[in-house]
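If you want the building blocks of each chain, they are given just below.
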Amino acid sequence: MSLLNTRTTPESSVPSRGFWFMRDIPTVLWFVLAIIAALVHRDLVMPRWLLIHLLLLGAATHAILVWSQYFSYALLRSRATQSDRQKQNIRLILANSGASAVLLGVTLNLWVLTLAGALALAAAVAWHATNITLRLRRSLPGRFGRTVRFYIAASAFLIMGVTLGTIISLGASGVNLVLAHAIVNLFGWIGLTVAGTIVTLWPTILRTRADEQAAGGSSQALPLLAGGVLVAAAGALVGWSPVIAAGMVIYLVGLIIIGLSLVRSAKQAPPRSFAALSVGAALLWWIGALAWIIARVSVAAVSGEGFLEITNFTREAVPYLVAGFVVQVLVGALSYLIPVVLGGGPAAVRVGIAGFDRLGPLRITVANIALFVCALPVTSVTRVAASALYLLAVASFLVVLFVAMRAQRRAKRETALQIEQSGAPLAKRVTAPGNEWKPGRRAGQAMAGLIAVALTVVICAAADPLASGQSGPTGDPNAPIVTVKVEAANMRFTPDLIEVPVGSRLVIELTNTDTSTAHDLVFANGVQGTRLAPGASETIDVGVIAGNLDGWCSIVGHRQMGMTLTVIATGGSAAQADGTNGAVDQGNSGSHHSSGPIDLMADPGPKFEPYDAVLPPLPPATGEPMVHRETFTVRDTELEVAPGVTQTLWTFADTAPGPVLRGRVGDIFEITLVNDGSIGHSIDFHAGALAPDGPMRTIAPGEELTYRFTATRAGIWMYHCSTMPMTAHIANGMYGAVIIEPDDLPVADRSYVLVQGEYYLGNHDGGEVDADKIATRNPDLVTFNGYANQYDHAPFEARVGERVRVWVLDAGIERATSFHVIGGQFDTVWAEGAYLINKAVDTGSQALALAPAQGGFVELEFPEEGHYPFVSHYMIDAERGAHGIFNVSK
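Report follows, based on the coordinates. In this text the structure is predicted, and so the values were computed from the model without any measurement.

1. Comments concerning the overall build of the chain
- When its secondary structure is counted, the chain shows 20 helices and 27 strands.
- Burial analysis of the chain (890 residues in total) assigns 54% to the buried set.
- Within the chain, residue pairs in contact and separated by at least 24 positions form 76% of the contacts whose partners lie at least 6 positions apart.
- Counting only carbon and sulfur atoms, one obtains 60% of the accessible surface of the chain, whose full area is about 36800 Å².

Shown next, in the form of C-alpha cells:
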C-alpha cells in the first residue's frame, strides 16, 4: 500500500490529495459525451467513429496522462513541485484541446482543424514522455521504478497513431492505414500503459503484496509488447496477414508474462471490490479479444483469404476491446484511485471506496454478460436490448461517482471536526453502505444481474421468435436431421440446390462470406433467418420437409439477381412436390401500393417542404483549384414521395436525390461516405475519372470511405450507388448531380437544377423499392427532384425578360426524358458537353432530349407574365409526376 500513500513535504512539493479540476473533471466530461453519443448515435455524423474516439482519444487519453504521471512520481520516489503541477495543467489543457479539435475537425470535415488538433495532442504527449524520461534519469528508482518505461514507450505509439490518423483524415485511403492506426493506438498507447500500471495497481487494489516475480516479469514483457505492436502494425501497412498474426502472438506472450504475476496476487487475495472485479473483467476481455484476433488472422493467413476480408476484425473486435477492456479498466481503476486521491484520512477513504462498491456485483454482471450477448450471433432486437443494458450498467458509474464523492467529502468534514474538537481522528470503522460486500449479498446481486440479462434475451426472442431461431414450422421432433452448410456470397447461395428425404428435418448452417454485403435466408414456409453481416454465421432450423421448398435472400433486389435456394424433397409423392412445402411464398410479389390510386393533384399538406432546386452561386474564382469536402451519410429514411405516399428510401445525406455539388474544371472533390444504413452501399461519381476498384467499393453498415476525384471536364454529371442490384439502389433514392460549369459560361439571372428519377413503390406505405416492379419497366412515379409534382405546389419564380437557365439530369433508371417548357422556347441548349444552339436569334429548340445518365441545360426568356408548366414530354411520365410550373411575374 505504500505506493499510493507516498507523501510530500509542504515546503518543497504539492500534495496530490483533494480536488483538482484538470485532473478530475475532463475524464468524466468525455465519459458523459460518449454516453450521450451512444444514445443519439443515429442523428450523428460517423457515430461509430465518434463514440470510439470520445472514449479513447478523450476519456482514456486524459486518464493516462493524469495517472501515469501520478504513478511515475511514486515509483521514481520523486516529488511534484508547484511548478510541476502548473506544467501538467498546461499539458492537460493542450491534450484535451487537441483531442477536441480532432473530433470536431473530422466530423465537420475541416482538415486544418484536424491537423492543428493532432499536432497539439502529439506535442502534449511528447512533453509528457520527456518529463518522465528526465525524472527517470535523475532518480534512484525502487523495485518497480523501471515500469515507467511502459509510459514512455506508450507515448511514442500514440504519436505514431496520431500521425496515421491524421494522414487518414487528410484523404489517404486504404484499409492498411486504418488497421495499423487501430493496432498502434489500442495495443500500443492504451495497452502498454495498462500493462505497466497494472503490475503495481492490481495488488494495491487487492490489498496484498506484489508478486516477487512481477518486477522482473514486467522488464521481460516490455520489449515483447512493444515489438509485437510494431510487427503487427508493419504487417497491416504492407497488407500481409501472417505478419499481423506473428506480431499479435509476440504481444500475447508478453501479456501472459505479466498475467502470471497478476494471477498469483489474486490467489493471495481474491478480488472482491468493484474496482478489482471491473479491472479483472477488463483484463479477461483484453486477452480474449487478442486471442480471437490471432485465431481470425491466422486462419486467414493459412487459407489465403484476401486482406480486405481479414480487416473486418477491426470492425468486429475493436468495439469489444473498447467496451470490455478500455471502459472497464478505466472505470475500475478510477473507482479505487479517486477515493485515495481525495483523501481525508483512512475513515473518509473507506467511505469513498465503499460508495464506489455500491451495487458492484450487479453492475459488473450486467455489463459483462450483456456485452457477451452482443458478441453472439443474436437478432438485432436482442443486440440492441443487450447494448442498452450494458450502457445502463456502465453509465451508473457516473451516479455512483457523484454519491460516493459526496459521502467521502462529508466524512472528511466529520473527521476534521472531530480532530478540531477532540484532537484525535474519528474513531469508528466505516464499512460499505448496507454491508453490501457480504458474500451472500454479492452472490445475490450477481444472480440478479444474470437474471436481468437472461430475461431480456427471452423477451426479445418471444417478440421475434422466427428471427431468433427459437421457433419454426411444426413437425415430428424425432425426425432424422439433415444438416447442410451453405455460403452466401456474390448474389448466390452455395449450394443452391439441396436434396432432403421427405420426413427429415433440415438444418442449414449459413455463413455470409461476402466482404461487404449483408444477406439473409428466408423460406416459403415462413422460416426466416436473421440479416447477417459479412463474416457472420447462424443456424436455421427449416423444419420437417414435406415437399419441395423455395428459399431466397429477402434484401431488396437480391432475389431478383438470382440469390435463391431450392430444397428438393426426395422419396415423396408427386403431390408433395408443389414447391411450397405447404406454405405461401412470402417473397416480393410485386403487389400494388396499398393506398390504391395515387392522387398527384392532392394538397401535400402543411409539412411539405420542396427540394430546393435553386442553384446557389459559385464562390469567386481564385485562380487555384478549390477543394470541396463533403460527408454523405447513408441512412434508411422514410420520406414522402407524393401527397400522402411514403417510401423508405436509402438516402445520401437524408435527401433523394442527394445534395447537388457544384464546381469548376480543375476543382478537387473529397467525399466521405458513411454507411449508417442497414445494408451495404457505395458511391460512383461520373464527374471523375479513376479506377473504380477502391473508391467505388461497397462498404458495410458502420463503415466509411473517402472518395477523391478531380473534375477535369465540364458537364452535369450523375453520381449514384453502384452496389448490386444497381437498379434497386438507384430507384430507391441513391442518386444525385454534380455540376461542373464550363469556364466561359455567362451568369444567368436565375438557375435551377432538375434531376429526373423513378419510384417503384413497395406493396405498403413506407415500404422499400419493389425489385419485381423494376423488371416490368413500369414505374409508379416519375419525379423531378424526388417528389411527384412538387413544383406544382411550390412553383419556380421568374420575371419577364430574365435569362433563366435550367440544368437537367436524367438519373434513370429506365425512363428517358424530353424536357419541355409549355409556352416557352429555348434559345440555348447545351447537352452532354456541347452547344446544340447558343443564343440563336432565328432558331430555337422546344425540348432537351436525354437518355438515362445524360444531362445538360437549357436557357430561355419568358415573354410575358403567367404560369408556364414544365414537363417531360414523354407525356405518360408527366402524368406520373414529372411536372412543375414557372410562375412568371413582371
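2. Concerning the packing of aromatic side chains
- Per the stated rule, a full pass over the model turns up 35 aromatic pairs.
- Ring plane angle 80° and centroid distance 6.0 Å describe the contact between Phe-31 and Phe-397, whose orientation is recorded as edge-to-face. Note that Phe-31 is positioned in helix H1 (residues 21-39) and Phe-397 in helix H14 (residues 380-422), a separation of 366 residues in sequence. Exposure class is identical for Phe-31 and Phe-397. Each is buried.

3. Considerations on the environment of Arg-358
- The residue Arg-358 is located in the loop between helix H12 (346-356) and helix H13 (360-375) in this model.
- Given a relative accessible area of 31%, Arg-358 falls into the partly exposed group.
- Between the C-alpha atoms of Arg-358 and Ser-273, which are 85 residues apart in sequence, the distance is 9.5 Å.

4. Some words on helix H5 (residues 148-169)
- Under the 1.5 Å per step criterion, the end-to-end length of H5 is 32 Å for 22 residues, consistent within 8% with the ideal 32 Å.
- Listed as buried for H5 are Val-148, Phe-150, Tyr-151, Ala-154, Ser-155, Phe-157, Leu-158, Gly-161, Val-162, Leu-164 and Thr-166.

5. Some thoughts on a positive patch on the surface
- On the surface, Arg-406, Arg-409, Arg-410 and Arg-413 cluster together into a positively charged patch.
- Position of Arg-410 relative to the elements: it lies in helix H14.
- Arg-410 sits in the partly exposed class, given a relative accessible area of 40%.

6. Observations regarding the environment of Asp-24
- Looking at where Asp-24 falls in the secondary structure, it is placed in helix H1.
- Given a relative accessible area of 17%, Asp-24 falls into the buried group.
- Sequence-wise, Asp-24 and Ala-63 are 39 residues apart; in three dimensions their C-alpha atoms are separated by 8.9 Å.

7. Observations concerning the sheet that holds strand E1 (residues 481-489)
- Taken in spatial order, the 4 strands line up as E2-E1-E4-E6 in an open sheet, and their pairing is mixed. The two strands at the open ends of the sheet, each matched to only one other strand, are strand E2 (492-494) and strand E6 (537-544). The sheet shows a mean angle of 30° between the axes of neighbouring strands, taken without regard to direction.

8. Section: the side chain of Arg-363
- Of note, Arg-363 is situated in helix H13.
- No salt bridge is formed by the buried Arg-363, whose closest oppositely charged neighbour, Asp-357, lies at an N-O distance of 6.1 Å.
- Polar contacts involving the side chain of Arg-363 include one to the main-chain carbonyl oxygen of Phe-356, which spans 2.7 Å.
- Each residue touching Arg-363, except ones within four places of it in the same chain, is listed here: Phe-274, Phe-356, Asp-357, Arg-358, Ala-393, Ser-396, Phe-397 and Val-400.

9. Observations concerning unusual backbone geometry
- The omega torsion across Ala-656 and Pro-657 is 0°, close enough to zero to call that bond cis.
- Cis geometry marks the peptide bond from Met-724 to Pro-725; its omega dihedral reads -5°.
- With respect to the helices and strands, Pro-725 occurs in the loop between strand E15 (715-720) and helix H17 (726-731).
- Despite not being glycine, Leu-359 has its phi angle at roughly 55°, a positive value.
- With respect to the helices and strands, Leu-359 occurs in the loop between H12 and H13.
- Assessed through its relative accessible area of 39%, Leu-359 is described here as partly exposed.
- Within the chain, Glu-832 stands out as a residue other than glycine whose phi angle is a positive 50°.
- By the secondary structure assignment, Glu-832 is in the loop between strand E22 (828-831) and strand E23 (834-838).

10. Some words on empty space enclosed by the protein
- According to the stated counting rule, one finds 5 cavities of 30 Å³ or more in the structure shown.
- Considered as a void within the structure, the largest cavity measures approximately 290 Å³ in volume.
- The set of elements that each furnish at least two residues to the lining of the largest cavity consists of helix H2 (47-75), helix H6 (175-206) and helix H11 (312-342).
- For the lining of the largest cavity, the per-class residue count stands at 15 nonpolar, 3 polar and no charged.
- As for the second largest cavity, its lining consists of Phe-274, Ser-278, Val-327, Gln-328, Val-331, Arg-363, Ile-364, Ala-367, Ala-393, Val-394 and Phe-397.
- Counting residues per element, the ones that place at least two in the lining of the second largest cavity are helix H9 (274-303), H11, H13 and H14.
- A class-by-class count of the residues in the lining of the second largest cavity yields 8 nonpolar, 2 polar and 1 charged.

11. Thoughts on the pairing of strand E9 (residues 627-642)
- As judged from the 8 bridges shared by E9 and strand E12 (residues 668-675), these two strands associate in the parallel manner. Each bridged residue has a counterpart across the sheet, and for Val-627 the counterpart in E12 is Ile-668.
- The sheet contact formed by E9 and strand E10 (residues 645-652) spans 8 bridges and is antiparallel. Paired with Glu-640 across the strands is Thr-646, a residue of E10.
- Two successive antiparallel strands, E9 and E10, enclose a turn made up of 2 residues, where Gly-644 displays a positive phi of approximately 80°.

12. Notes on the packing of helix H3 (residues 82-107) against helix H4 (residues 111-138)
- H4 packs onto H3 with a crossing angle of 150° between their chain directions and a minimal axis gap of 7 Å. In terms of axis orientation, H3 runs roughly antiparallel to H4. For the pair H3 and H4, the sense of crossing is left-handed. Every residue of H4 that contacts H3 at Lys-87, Ile-90, Arg-91, Leu-94, Ala-95, Gly-98, Ala-101, Val-102, Leu-104, Gly-105 and Val-106 is listed here: Leu-113, Thr-114, Gly-117, Ala-118, Ala-120, Leu-121, Ala-123, Ala-124, Trp-127, His-128 and Asn-131.
- Along the lines of polarity and charge, the residues of the contact of H3 with H4 split into 14 nonpolar, 6 polar and 2 charged.

13. Things to note about the packing of helix H7 (residues 214-238) against helix H8 (residues 241-268)
- With their axes 7 Å apart at the nearest point, H7 and H8 run at an angle of 165° to one another. In terms of axis orientation, H7 runs roughly antiparallel to H8. Like other packed secondary-structure pairs, H7 and H8 cross with a definite hand, here left-handed.
- In terms of residue class, the contact of H7 with H8 is built from 18 nonpolar, 8 polar and no charged.

14. Quick look at the nonpolar core
- In terms of nonpolar packing, the biggest core is built from 142 residues, with Ile-183, Phe-187, Trp-286 and Phe-325 touching the most fellow members.
- Excluding anything up to four places from it in sequence, Phe-325 contacts Ile-190, Val-194, Ala-282, Trp-285, Trp-286 and Tyr-320.
- With 57 residues, the next largest nonpolar core counts Ile-498, Leu-506, Phe-632 and Ile-740 among its residues.

15. Observations concerning the sheet that holds strand E20 (residues 804-810)
- Read from one edge of the open sheet, 6 strands run E18-E17-E20-E25-E22-E23, paired in mixed fashion. Two strands lie at the open edges of the sheet, namely strand E18 (781-784) and E23, each paired on one side alone. For this sheet, the mean inter-axis angle between neighbouring strands, taken without regard to orientation, is 15°.
- Judged from the 7 bridges that link them, E20 and strand E25 (residues 854-860) form a sheet pairing that is antiparallel. Bridge pairing links Trp-807 to Phe-857 in E25.

16. A word on the pairing of strand E21 (residues 817-821)
- Within E21, 5 of the 5 residues are buried, leaving the element largely enclosed by the surrounding structure.
- Residues Thr-817, Phe-819 and Val-821 line one face of E21 and the alternating positions Ser-818 and His-820 line the opposite face, and both faces are buried.
- Bridge count between E21 and strand E24 (residues 848-850): 3 bridges; the pairing is antiparallel. Each residue of the ladder has a partner; that of Phe-819, found in E24, is Leu-848.
- Pairing geometry for E21 and strand E26 (residues 866-872), over 3 bridges, is antiparallel. Each bridged residue has a counterpart across the sheet, and for Val-821 the counterpart in E26 is Phe-870.

Scoring rules and cut-offs
Residues numbered from 1 in each chain as written. Predicted model: local features only at pLDDT ≥ 70, side-chain atom pairs only at ≥ 80, totals over all residues. Heavy atoms only, no water. Helix = DSSP H or I, 4+ residues; strand = E, 2+ residues; numbered from the N terminus. Buried < 20%, exposed > 50% of the residue type's maximum accessible area, 1.4 Å probe, protein only. Contact = heavy atoms within 4.5 Å. Areas by Shrake-Rupley, 256 points an atom, 1.4 Å probe, with all protein chains shown as cover. Phe/Tyr/Trp six-rings, centres within 6.5 Å; stacked < 30°, edge-to-face > 60°. Expected span 1.5 Å × (residues − 1). Patch = residues over 30% accessible without salt bridge, like charges linked within 9 Å, V, L, I, M, F, W, Y side chains within 5 Å. Salt bridge = Lys/Arg side-chain N within 4 Å of Asp/Glu carboxyl O. Lys, Arg positive; Asp, Glu negative; His and termini not counted. Charge placed at Lys NZ, Arg CZ, Asp CG, Glu CD. Pairing = 2+ DSSP bridges. Axes fitted to C-alpha atoms, helices over the stretch in contact; angles between N-to-C directions. Polar contact = N/O pair within 3.5 Å; in protein donor to acceptor, adjacent residues only side chain to side chain. 1 Å grid on protein atoms, 1.4 Å probe; cavity = no way out; pocket = protein on both sides within 12 Å on 5 of 7 lines; lining within 4 Å. Points joined across faces, edges and corners; volume = space filled by probe spheres on them. Nonpolar A, V, L, I, M, F, W, Y, C, P; charged D, E, K, R; others polar. Parallel < 35°, antiparallel > 145°, perpendicular 65-115°, else oblique. Left-handed = near helix turned anticlockwise from the far one by under 90°. Core = buried A, V, L, I, M, F, W, Y, C linked by side-chain atoms within 4.5 Å.

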